[in-house]
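# Fold and geometry: a report
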Amino acid sequence: MNKKLLGFVGGAVVIISILTYVFVFQSKTDSNNTPEEELVLEEPEPIVEPEYRYGLSLDEYQIEEGQVKRNQTFAEILEGYNLSLQDIYTIDKISSDVFSVRNFIPRKNYTIFYTTDSLKRAAYLVYEPNQTEYIMYQLQDSLAVYKENRPVEIVERTMAGIITQSLDHSIRQEGGTPALVNAMADLYGWQMDMRSLHPGDWFKIVYEDKLVNGESIGVGNILGAEFNHLNNSYMAYAFDKGDGLNYYDEKGESMQKAFLRYPVEYSRISSRYNPTRFHPVLKRRTPHLGTDYAASKGTPIKAAGDGVITARGYTRGNGNYVKIKHNGTYTTGYLHMSRFGKFKQGQRVKKGDVIGYVGKTGLATGYHLCFRFWKRGQQVDFLKEKLPAQEPLADEYIIRFESVMSLTQKKLTDITMPYADQSYSASSK
């Protein structure tokens, strides 16, 4: 090999060695030193959506929430919010066409939206008479009153239960509400005595749950049910001929009478019709020509049947009372109410409409409804009357009813009874 080539190779080896040393040394140096500055990527700030309540932005207003106090007026609620007497007067006048400010009820919720630019001034007041609607009183710029309805979602649910103590206890134990207890009591009130059920009786229900903003606000319609009482099954199928839901058994026979058995929501009969009853207030024997249903103050009282309100008022004995004429044969009376419902004298009501609330006005010692029943002008014992049943399904509806019944029956059959193995019946005791 010539000397020039050897020299070139030798030089190359020296250069490679130097470069290798520098690279290794630099790597060690880098690994032993923390860089003075690192590149940091900043997270983007989250986008904050404005919060709204009743359609009003909380970025624009401050709010105060409260409940209406007893005898509190609209003006008193808004005291301190710099509304003129003229504004109060105007709102009072224009609200009567939508929802009068004089109809506020104690313990109902309200929300005041106000500004504090210069003075603390109310811009809106929102009042909630119930869970499905709210009333908005616009108090700035042009005065106005609006009624808004919340969307109600209907969800179909099922339930099964076994009677251990009472229907009320069993339904509540399965997560049901008093409204569902009342609906079942109304549905089966004429088939069996709901206060005399037996341990081991059981039931299945398909029903509607009404939701507002994802929260249950009450029970809708019962769509189908099976109640096994003393080893006898009583079926109920909801069917609409075009005039609203009614309930029929598997043969198309109506399950309902012309009148509700319980005009007060699932209450206790505290005193029956008694021509020789000793009056607890008057301290003498005087006929008791009605049926007393004991219930707590404010329990809704329902019209026992379709009819027209022929009287609505107050007497010393009856207290607040309502009288309903149903037809040429039957009339009903409802005594000792704490307050009336929305229906006035002369108005028509449907079976189940709320006409008042339980109280003890007049000659009464405790909270109850005294229910009176007239037949051809004579007061009779409601619980002993053979009342007319509603008409069975006509032939023209049978095919459609059977289709609905078949679908409902499948839903009832699919409901599991987790305690069936441990249940017992009257016949096995």
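Overview of the structure. In this text the structure is predicted, and so the values were computed from the model without any measurement.

### Observations concerning the sheet that holds strand S9 (residues 202-212)
Across the sheet, five strands lie side by side as S8-S9-S10-S11-S12; this open sheet has antiparallel pairing. Edge positions in the sheet fall to strand S8 (153-162) and strand S12 (245-248), since each has one partner strand and no second. Going from strand to strand, the sheet's axes swing by 30° on average, the running direction of each strand aside. Bridge count between S8 and S9: 10 bridges; the pairing is antiparallel. Among the inter-strand pairings, Ile-162 is bridged to a residue of S9, identified as Trp-202. On the sheet, helix H5 (residues 178-188) packs against S8, S9, strand S10 (215-229), strand S11 (232-240) and S12 and is oriented at approximately 40° with respect to S10. Strands in contact with helix H6 (residues 395-414) are S8, S9, S10, S11 and S12; relative to S11, the strand with the most contacts, it is inclined by about 125°.

### A look at empty space enclosed by the protein
In this structure the tally under the stated criterion is one cavity of 30 Å³ or more. Here the largest cavity is characterised by a volume of approximately 40 Å³. If you go around the largest cavity, the residues you meet are Asp-186, Trp-190, Gln-256, Lys-257, Phe-259, Leu-260, Arg-261 and Lys-351.

### What about the packing of aromatic side chains?
Going through the model one piece at a time under the given rule, you end up with 24 aromatic pairs. Between Phe-371 and Phe-382, the aromatic rings sit 4.9 Å apart at their centres with planes inclined by 80°, giving edge-to-face as the arrangement. With Phe-371 in strand S21 (residues 368-375) and Phe-382 in the loop between strand S22 (378-379) and H6, this residue pair connects regions lying 11 residues apart in the sequence. We classify Phe-371 as buried; its relative accessible area is 1%. Of the residues examined, Phe-382 reaches a relative accessible area of 1% and is grouped as buried. One aromatic cluster is present, built from ring pairs that chain together Trp-190, Phe-259, Tyr-293, Tyr-330, Tyr-334, Phe-371, Phe-373 and Phe-382.

Basis of the calculations
- Residues numbered from 1 in each chain as written.
- Predicted model: local features only at pLDDT ≥ 70, side-chain atom pairs only at ≥ 80, totals over all residues.
- Heavy atoms only, no water.
- Pairing = 2+ DSSP bridges.
- Helix = DSSP H or I, 4+ residues; strand = E, 2+ residues; numbered from the N terminus.
- Axes fitted to C-alpha atoms, helices over the stretch in contact; angles between N-to-C directions.
- Contact = heavy atoms within 4.5 Å.
- 1 Å grid on protein atoms, 1.4 Å probe; cavity = no way out; pocket = protein on both sides within 12 Å on 5 of 7 lines; lining within 4 Å.
- Points joined across faces, edges and corners; volume = space filled by probe spheres on them.
- Phe/Tyr/Trp six-rings, centres within 6.5 Å; stacked < 30°, edge-to-face > 60°.
- Buried < 20%, exposed > 50% of the residue type's maximum accessible area, 1.4 Å probe, protein only.

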